[in-house]
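Fold and contact review
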Amino acid sequence: MSTVAFHTLGCKVNSYETEAIWQLFKANGYERVDFEQDGADVYVINTCTVTNTGDKKSRQVIRRAIRRNPDAIVAVTGCYAQTSPGEIAQIPGVDIIVGTQGREKLIEYVEQIRRERQPINAVSNIMKAREFEELDVPSFTDRTRASLKIQEGCNNFCTFCIIPWARGLMRSRKPESVLEQARKLVDAGYLEIVLTGIHTGGYGEDLENYNLAKLLVDLHQVEGLKRIRISSIEASQITDEVIDVINNSDRVCRHLHVPLQAGDDEVLKRMRRKYTTAEFYEKMVKVREALPGVALTTDVIVGFPGETEQQFQNTYDFIKTVGFAELHVFPYSMRTGTPAARMPDQIPEEVKHERVARLLELNQQLTLAYAKQFVGEVLEVIPERPYKEDPDSGLLMGYSDNYLNVVFPGDASMIGNICKVRLDEPGSEYCNGTLVRVLDNERPVQLKERAI
């Protein structure tokens, strides 16, 4: 039996796509082996190019695979392969280069290499791609939550970002295809589906009379699906229609990840973000009115070219005013080929790190303040695994619909079921709770019926 090993760099979408590529190999009789183990017949490296470091790491991993087995077939895919196929082709030992589309042909290319050992560069112009690449993942290592990719590409061209050049323009997956895959995932035992993509909230912008809100409504028809989570959505995409659907839904999670990037209007303009802080704030107020208790999480870039101390302070204060439930903080990383990389007044690394540290400290305060609101409340939690800090403690951990990581006493039979848990003690990383009861396929199971 032929063996294949994978290495994924970068984001969750890449991880999803690696799993989808593995399904192609699996269907063709391959066995999956560890990347660090010598001697795989085929190595697939799924690359990242979001920063210059991503490029460098991708090259290192490619060379490592070639050293592991010089006779192996080495295939390189992903964003770095899409933007810089020429650089990858110069690495001796690379057999196949395929970008961020056309990956369903990978097995075909591997067979071709076996026959004639002539390198294949199958990277095409991503800006011309109009069709969504249908690659599916029927099961995930995480047994409670499944990702479902609904769109590809982005039309925003923010000045710090290379992604449109790596992923192409916005293209949505056909609604019937999304629904069919959702049904398959529920049949495989998943209760929660995370709608994911490169610019998820833009779903439907390229479709006629269809959008994210309509997709959310249609997903409610999928029997057995208990939770729908949106991986990320821009403030401008949270339309009244989307708010209305979430407000009337018992399935869409009370959690929206809304990238802010900066809380200063001048910086936002230089980033080519399409909103002001006032517009962003107004949208957050509207969301909170419609969805009390909603978890609003966000991304922030610190140390963007030209960011003054005052502009950083404005961002800090704005974040505090909005009162996010959690921040993902990134120091600005120069990406060659983007307008921001050519901007004057690049910020020194030590200044970036100091600002990141300040925001991470604020993040701890914010996560704790958010969790405190729910002390004494009974939340619905889907336990995912034993408590990772102490797996033998008899404690389980999982997320509530509003994205609180809750730890509570329970046994392995509850993993993947919806549990009613009272939140007793808030924390910035974990909250402690007490199990009230397990909801087993809509039938409430009293505690005494289950061995804990």
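Just above sits the structure.
So, a few notes on the structure that sits alongside this text. Positions within a chain are numbered from 1, following the residues in the order the chain's sequence is written. Local features in this predicted model are restricted to residues of pLDDT 70 or higher, and side-chain atom pairs are both shown and tallied only at a pLDDT of 80 or more, whereas totals for entire chains, interfaces and linings draw on every residue. Hydrogen atoms and water are omitted, and side-chain values are computed over all heavy atoms in the structure.

Relative to the 20 Å expected for 14 residues at 1.5 Å per residue, helix H11 (residues 277-290) spans 20 Å between its end C-alpha atoms, a close match to the ideal helical length. Taken residue by residue, H11 has Thr277, Phe280, Lys283, Met284, Val287 and Ala290 as its buried positions. All buried residues of H11 lie within an arc of 155 degrees about the axis, which places them on one face of the element. Of the exposed residues in H11, the ones pointing more than 90 degrees away from its buried face are Ala278, Glu282 and Glu289. Buried residues in H11 make contact with helix H9 (240-247), strand S12 (252-257), helix H10 (265-271), strand S13 (295-302) and helix H12 (309-322). Note on conventions: DSSP H or I runs of at least 4 residues are helices, E runs of at least 2 residues are strands, and numbering of each starts at the N terminus. Helix span is expected to be 1.5 Å times the residue number reduced by one. Buried means the residue's accessible area, taken with a 1.4 Å probe over protein chains only, is under 20% of the maximum for its type, while exposed means over 50%, and partly exposed covers the values in between. This arc is built from the directions going out from the helix axis to the C-beta atoms. Working rule for contacts: check all heavy atoms of both residues, and any pair within 4.5 Å makes them a contact.

Of all 5 residues in strand S10 (residues 192-196), 5 are buried, a share of seventy percent or more. Neither face of S10 is exposed, since Glu192, Val194 and Thr196 on one face and Ile193 and Leu195 on the opposite face are all buried. Whether two strands pair depends on DSSP finding at least two bridges between them. When strand S7 (residues 145-149) meets S10, the two strands line up parallel, connected through 5 bridges. Its bridge partner lying in S10, alanine 146 is registered against isoleucine 193. Alignment of S10 against strand S11 (residues 227-230), held across 4 bridges, turns out to be parallel. Its bridge partner lying in S11, glutamate 192 is registered against arginine 227. When the strands point away from the viewer and the connection leading from the first strand across the helix to the second strand turns clockwise, the crossover is called right-handed. Once the chain exits S10 it traverses helix H8 (residues 212-219) before rejoining the sheet at S11, and the crossover so formed is right-handed.

Here helix H7 (residues 175-187) contains 13 residues, and its C-alpha end-to-end distance of 18 Å stays within 8% of the 18 Å for a straight helix at 1.5 Å per residue. For H7, every residue scored as buried is listed here: Pro175, Ser177, Val178, Leu179, Gln181, Ala182, Leu185 and Val186. The inward-facing, buried residues of H7 contact S7, S10 and H8. In the segment just after H7, glycine 189 is the residue with positive phi, at about 105 degrees.

Before going further, it helps to spend a moment on the packing of H9 against H11. At a minimum axis distance of 10 Å, the contact between H9 and H11 shows a crossing angle of 25 degrees. In terms of orientation, H9 lies roughly parallel with respect to H11. As for the relative orientation of H9 and H11, their crossing is right-handed in sense. Contact residues: Asp240, Ile243 and Asn247 in H9; Lys286, Val287 and Ala290 in H11. Tallied by class, residues from the contact of H9 with H11 come to 3 nonpolar, 1 polar and 2 charged. Helix axes use the C-alpha atoms of the stretch in contact, all axes being lines fitted to C-alpha atoms, and the angles between their N-to-C directions lie in the range 0 to 180 degrees. In this scheme, roughly parallel covers angles under 35 degrees and roughly antiparallel covers those over 145, while 65 to 115 is roughly perpendicular and the rest are oblique. In this scheme the crossing of two helices becomes right-handed for a clockwise turn of the near helix relative to the far one and left-handed for an anticlockwise turn of less than a right angle. Under the convention adopted here, Pro, Cys and the residues Ala, Val, Leu, Ile, Met, Phe, Trp and Tyr are nonpolar, Asp, Glu, Lys and Arg are charged, and Gly plus all remaining residues are polar.

The subject of this paragraph is the sheet that holds strand S6 (residues 120-121). Pairing in this open sheet of 6 strands is parallel, and the strands run S2-S1-S3-S4-S5-S6 from one edge to the other. One side of each edge strand has no neighbouring strand; the edge strands of this open sheet are strand S2 (31-32) and S6. Here strand S3 (residues 42-47) runs beside strand S4 (residues 73-78); their pairing, made up of 6 bridges, is parallel. Note that in S4 the partner of valine 42 across the bridge is isoleucine 73.

The strand order across the open sheet built from 6 strands is S7-S10-S11-S12-S13-S14, with neighbouring strands paired in parallel fashion. Looking at the sheet topology across the chains shown, the edges are occupied by S7 and strand S14 (326-331). In this sheet, adjacent strand axes meet at a mean angle of 20 degrees when their direction is disregarded. On the sheet, H7 packs against S7 and S10 and is oriented at approximately 165 degrees with respect to S7.

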